[in-house]
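Observations on the model geometry
Take a look at the letters that make up each chain.
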Amino acid sequence: MKLGVNIDHIATLRNARGGFEPNLVEAAKIALKEDILALTMHLREDRRHIKDKDLYDVKSLGAKINLEMAAVEEIQKIALDIIPYSVCLVPERRQEITTEGGLDVLSQKEYLKDFIKPLKEKGILVSLFIDPDLSQADAAKYCGADYIEMHTGSFSEAFEKGDYKKEFDKLKQMAKYAQSLGLKVNAGHGLNYQNVYLMKEIEGLCELNIGHSIISKSIFVGLKTAIEDMLALIK
């Protein structure tokens, strides 16, 4: 199981005041020295944290980028230009603080099938960020996705309340079913230093994409240590 480090919140802090600090590229350099799979960056339509230039600057380091994006033509054009290692299609609402749920693939599977095709033709791996709903896995397979990324937000909230078995069982069932369809499985959202150990119980899980918890801890211990501590928990 590999780790993808989401560096969006470094850009969020930078944008709070404007200017160049904290420097996103310097953060990327620190992260890339660790045993991670990729840097996750969400280029939102409203550019509230990651900016277009950030993507190009980080790509110039030779980084593998997992580009989180809405399934819209504007961002697709950027993805086709920059050619990230992978893209993860996510739902997006302007008023949300963070992504609130999985993408409803089932209701737009024909559109997504066409949207995904040019990305795959460029050799970009495509993941769909979905709730642990088996019908959504079927739709992801139909669309031609390589991966699903299970939305672990409900599990993480349940973990905080101390009663997470039902939500965790949904994740395990979803992972098993998606793999039976030939899809690879990642997970992310709300995972932290307290609950991430449980992900090792999900067979075949490829990658965890974690940002907020790592960046939060890095304020106190530094980014290098924060990443190393997370890696130690998932290995």
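Presented here is an overview of the structure given in this document. Only a predicted model underlies this, so the values are computations on that prediction, with no experimental measurement involved. (Residues numbered from 1 in each chain as written. Predicted model: local features only at pLDDT ≥ 70, side-chain atom pairs only at ≥ 80, totals over all residues. Heavy atoms only, no water.)

By size, the foremost hydrophobic cluster in this structure holds 71 residues, and its most contacted members are Leu3, Met150, Met199 and Ile214. Here this core takes 6 residues from helix 10 (residues 223–234), the largest share from any one element. Discounting residues that sit within four places of it in the chain, Leu3 has contacts with Ile36, Leu37, Ala38, Leu208, Ile210, Ile214, Ile227, Met230, Leu231 and Ile234. (Core = buried A, V, L, I, M, F, W, Y, C linked by side-chain atoms within 4.5 Å. Buried < 20%, exposed > 50% of the residue type's maximum accessible area, 1.4 Å probe, protein only. Helix = DSSP H or I, 4+ residues; strand = E, 2+ residues; numbered from the N terminus. Contact = heavy atoms within 4.5 Å.)

On to the environment of Asp104, then. As for its placement among the helices and strands, Asp104 is situated in the loop between strand 4 (86–89) and helix 5 (109–121). Taking relative accessible area as the criterion, Asp104 reaches 36% and is therefore assigned partly exposed. Separated by 32 residues in sequence, Asp104 and Gln136 place their C-alpha atoms 7.1 Å apart. Polar contacts involving the side chain of Asp104 include one to the main-chain amide nitrogen of Leu106, which spans 3.4 Å. (Polar contact = N/O pair within 3.5 Å; in protein donor to acceptor, adjacent residues only side chain to side chain.)

With 13 residues, helix 5 should reach 18 Å at 1.5 Å per residue; the first-to-last C-alpha distance of 18 Å fits that figure. Residues of helix 5 that are buried include every one of Leu112, Phe115, Ile116 and Leu119, and no others. Where helix 5 is buried, its residues meet strand 3 (65–69), helix 4 (73–82), strand 4, strand 5 (125–130) and helix 6 (134–143). One or two residues past the end of helix 5 sits Gly123, with phi positive at roughly 85°. (Expected span 1.5 Å × (residues − 1).)

Right, let's get into the pattern of salt bridges. Counted under the stated rule, the structure contains 15 salt bridges. In this structure, the salt-bridge partner of Lys2 is Asp35, at a minimum N-O distance of 3.6 Å. With Lys2 in strand 1 (residues 2–6) and Asp35 in the loop between helix 2 (24–32) and strand 2 (38–42), this residue pair connects regions lying 33 residues apart in the sequence. Classification of Lys2 by relative accessible area gives partly exposed; the value is 37%. For Asp35, a relative accessible area of 38% translates into the label partly exposed. Put simply, Lys235 and Asp35 hold a salt bridge, and the shortest N to O gap is 2.4 Å. Here Lys235, found in the segment after helix 10, pairs with Asp35, found in the loop between helix 2 and strand 2; they are 200 residues apart in sequence, far enough to count as distant. A relative accessible area of 55% places Lys235 in the exposed class. Shared partners join several salt bridges into a network, and the residues in it are Lys2, Asp35 and Lys235. (Salt bridge = Lys/Arg side-chain N within 4 Å of Asp/Glu carboxyl O.)

Read around the barrel, 8 strands follow the order 1-2-3-4-5-6-7-8 and close on themselves; strand pairing throughout is parallel. The average undirected angle you get between the axes of adjacent strands in this sheet is 25°. With 4 bridges connecting them, strand 1 and strand 8 (residues 205–210) associate as parallel partners. Its bridge partner lying in strand 8, Leu3 is registered against Leu208. The strands that helix 10 touches are strand 1 and strand 8; relative to strand 1, the one it contacts most, it runs at about 150°. (Pairing = 2+ DSSP bridges. Axes fitted to C-alpha atoms, helices over the stretch in contact; angles between N-to-C directions.)

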